[in-house]
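# Inside the fold
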Amino acid sequence: MRASSAPTPSRRTVLASAAVAATAVALPAAGTATASSRGHGDSTAEPHRWRTAAIGGTGFITGVLFHPSVKGLAYARTDIGGAYRWDDRKARWTALTDHLGWDDWNLLGIEALAVDPAHPDRLYLACGTYAQSWASPGAVLRSEDRGATWQRADLTVRLGANEDGRGAGERLLVDPRDSDTLWLGTRHDGLLRSTDRGATWASVDFPATASASGQGVMFLAAAGRTVYAGWGDGGSALYRTDGSGGWEAVPGQPSGSAATKVPVRAAYDGRGRALYVTYADAPGPNGQSDGAVHRLDTVTGAWTEVTPVKPDATAGDGFGYGGVAVDARRAGTLVVTTNNRWAQIDTVFRSTDAGVTWTSLKDTAVLDVAETPYLRWGGESAKFGWWIQAVAVDPFDSRHIVYGTGATLFGTRDLVHWAPEIRGLEETSVRFLVAPPGKDGRLLSGLGDIGVMYHDSLTASPSRGMATNPVFGTATGLAMAALKPSYVVRTGWPSGSASAGASSDDGGRTWKPFATQPEIAASAPGPVAVSADGAVLLWSFVHWDGTKYPAHRSTDGGTSWSEVGTFPKGGAPVADPIDPRRFYVYDTDTGAVFHSSDGGVTFTRGAAELPSGDVQFKVVAAPGRSGDLWLSAKDNGLFRSTDGGLTFTPVAGCQASHALGFGKAAPVRGRKRPGAGYPAVFQTGRVSATHDAVAVLRSDDAGATWVRINDDSHQWGWTGEVITGDPRVHGRVYLGTNGRGIQYAEPA
């Protein structure tokens, strides 16, 4: 979905066998409202109420599944943001996987989900974001209470929920003949089976040969008592179970054409006794230029092509087919989606005669995105969709159709009017957070894929949508002038223009692009800093491939720029919050901090022999103080300087620090304690005396002691990018996640 910062993964060997550790691990309930001191031997913790800031989706919805037996029950999966359950009464989604912690960050991508039609409370998730050798193996989570609590079976194979093919059908399936038997299709390790409801797994013989670089099993679908498997690596594309307990290629299936090279999804019409299969020439969501839809009569074995519109790449209309879903109430009624159709825009086709004729629902669609204005993407209206590979028809309401896009989940109840059905589902990858000191505006955020947002409320999607003039894709920098908070600057990857930087004079409500920008800016926008008084801008440049370029400086708001030769290339500039002449930068290549006392004209080397070699090491300046710097160096610990970066001292007792920020100081009561009056320090890190694992921590005494403020139900995988407190309310904290949006909390 996005190129995101991730923790340095442990390297593990891919096991050729698909045997699985059988240990069942009990996991905490999802959705607990407050933090507590349970787990890992916590000696000190402070209960907090955690909530998710509302934006509305913002990520790729890779799968949606209505339960066939329970009205109003549905589940959704995402590529990096976990799984969700639909609460029909509240009309919102409930996150089910926030309990997954730091060491399990790779499990936040959901490769597949499955329900048991005969046992409505059972839910299964196949978890694993990356199938590369550096990623940890996947796991299967199973629940007997619709995801409120979980049991876990660790796999020895890797899954790829954020890789090509992530929008394909469900690779996990409860066998229609036996609720105790489950099937799991993998990308590189063939087909697995469990005969004890997901507690243990083993490889089974399968006719196709797995590849270390292929797609493997694309989907598993039940048609009556038969299980079908789509295969994405050439040869026969569709297999089914045979009468002897094995697998066979489906006779007569489409072949020999690029349009049917990769089976993407399948859906079975039980009333019409037909299996519908969508195909493309690549797994998607990108790179498709051809595709088709075919129907298999499961009684006669006859195949019929029912493609709504044939792609024509030579005429500029290349695309594939993605989602497919049938109407459980009406035989021959189904929907399919196009995918990667950028020129004419993707659509949902609907047929009521088994695919003989089709209607494009996009052509009559009325979109209402008032609840999530960012979907207008800086324009006057929203797009019907892109990356549409997930679609579902409510089995209890034929006119209730939902489809996922690269940013939201649209739904209709009348086949004409569509609106996001996305409340509670937040998938943003957060890069920057700035909490203004004044009364106006709760928060500014810099995000992956959708630029910068001004949050006038945390319970409703930003009313202005994404920042415009210009529109960005992923934000690369966001900074506020400490002594002039109305002045804010942002940088990011251009979208729709070449402008990669902008400034605001009203705290981030409205923007104007820099009048000029360095030549390299559009292709390598990096982080930006602004002096405390707003007079000087420092802009660093880093290409997406890691190539670093000289930083530039402006003293006229971006009208002109000059190169700063003594600034370490690619570093992240930090402005002193009190002295407008002072800037700092941590050279992560050499492990040295450089400082400037002339407004960024020149930089001089200060402290050296600090941890090096990781671009995610970062320096943060304490508010209201000059030269007070904190350096987070991940597993190397936390360091502090009180002399402007000339020297640094380790913060005792802190074994790891990944992200760090500041908030309002704790009230001073009675006799003044050590560190009283110092800004609250927040971090994601490890202080074993408090909690012997990476946690969200706060110190009210300048790092002498720490309390844990999250709990085992609120961990959100990897949280090492950004955290900040609120300068107005002691204890309020904002935390950026990599796929679960902005989390915020206050003491309970």
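Check the entry above for the structure.
Attention in this report is confined to the structure presented alongside it. (Residues numbered from 1 in each chain as written. Predicted model: local features only at pLDDT ≥ 70, side-chain atom pairs only at ≥ 80, totals over all residues. Heavy atoms only, no water.)

### Things to note about the sheet that holds strand β37 (residues 501-504)
- Read across the sheet, four strands follow the order β35-β36-β37-β38 without closing on themselves; strand pairing throughout is antiparallel. In this open sheet, the two edge strands, each paired with only one partner strand, are β35 (472-481) and β38 (512-513).
- Alignment of strand β36 (residues 484-494) against β37, held across four bridges, turns out to be antiparallel. Residue pairing across strands places Val489 opposite Ser503, the latter belonging to β37. (Pairing = 2+ DSSP bridges. Helix = DSSP H or I, 4+ residues; strand = E, 2+ residues; numbered from the N terminus.)

### Looking at the packing of aromatic side chains
- Applying the stated criterion across every chain, the model contains 25 aromatic pairs.
- Put simply, the rings of Trp183, Phe206, Trp231, Tyr239 and Trp247 pair up and form one aromatic cluster.
- The ring of Tyr487 carries the charged tip of Lys484 above its face, separated from the ring centre by 5.6 Å.
- In this structure, Arg490 is placed above the aromatic ring of Trp511, and the distance from its NZ or CZ to the ring centre is 4.6 Å. (Phe/Tyr/Trp six-rings, centres within 6.5 Å; stacked < 30°, edge-to-face > 60°. Lys NZ or Arg CZ within 6 Å of the ring centre and 35° of its normal.)

### Here we look at unusual backbone geometry
- Note the cis peptide between Gly284 and Pro285, where omega equals 5°.
- With respect to the helices and strands, Pro285 occurs in the loop between β20 (274-280) and β21 (291-297).
- Along the chain, Asn469 connects to Pro470 via a cis peptide bond; the corresponding omega equals 5°.
- Here Pro470 lies in the loop between β34 (451-455) and β35.
- Located in the positive-phi region is Asn469, a residue other than glycine, with phi close to 55°.
- Examined against the element boundaries, Asn469 turns out to sit in the loop between β34 and β35.
- Under the relative-accessibility criterion, Asn469 is labelled partly exposed at 42%.
- Phi is positive for Glu609, which is not a glycine, with a value near 55°. (Buried < 20%, exposed > 50% of the residue type's maximum accessible area, 1.4 Å probe, protein only.)

### What to know about the pairing of strand β7 (residues 110-116)
- Burial runs high along β7: seven of the seven residues are buried.
- Both β7 and strand β8 (residues 119-127) contribute to a ladder of six bridges, which runs antiparallel. Within β8, the residue paired with Ile110 across the bridge is Cys127.
- Once β7 ends, the chain turns through two residues before running back antiparallel as β8.

### Concerning the pairing of strand β47 (residues 618-621)
- Both faces of β47 are covered, namely the face carrying Lys618 and Val620 and the face carrying Val619 and Ala621.
- Taken together, the four bridges between β47 and strand β48 (residues 629-632) define a ladder with antiparallel strand orientation. Pairing of Val620 across the sheet is with Trp630, part of β48.

### Some points on the pattern of salt bridges
- One pass over the full model with this rule turns up 32 salt bridges.
- Here Asp79 and Arg166 are joined by a salt bridge, their closest N and O atoms 3.3 Å apart. Placement of Asp79 in the loop between β4 (74-78) and β5 (83-87) and of Arg166 in the loop between β10 (150-154) and β11 (172-174) is noted, with a sequence separation of 87 residues between them. Neither Asp79 nor Arg166 differs from the other in exposure class; each is buried.
- Linking Glu111 and Arg187 is a salt bridge whose minimum nitrogen-to-oxygen distance equals 2.8 Å. Here Glu111, found in strand β7, pairs with Arg187, found in the loop between β12 (182-185) and β13 (191-194); they are 76 residues apart in sequence, far enough to count as distant. Assigned by exposure class, Glu111 and Arg187 land together as buried.
- Linked through salt bridges whose partners overlap, the residues forming this network are Asp116, Arg122, Glu144, Asp180 and Arg197. (Salt bridge = Lys/Arg side-chain N within 4 Å of Asp/Glu carboxyl O.)

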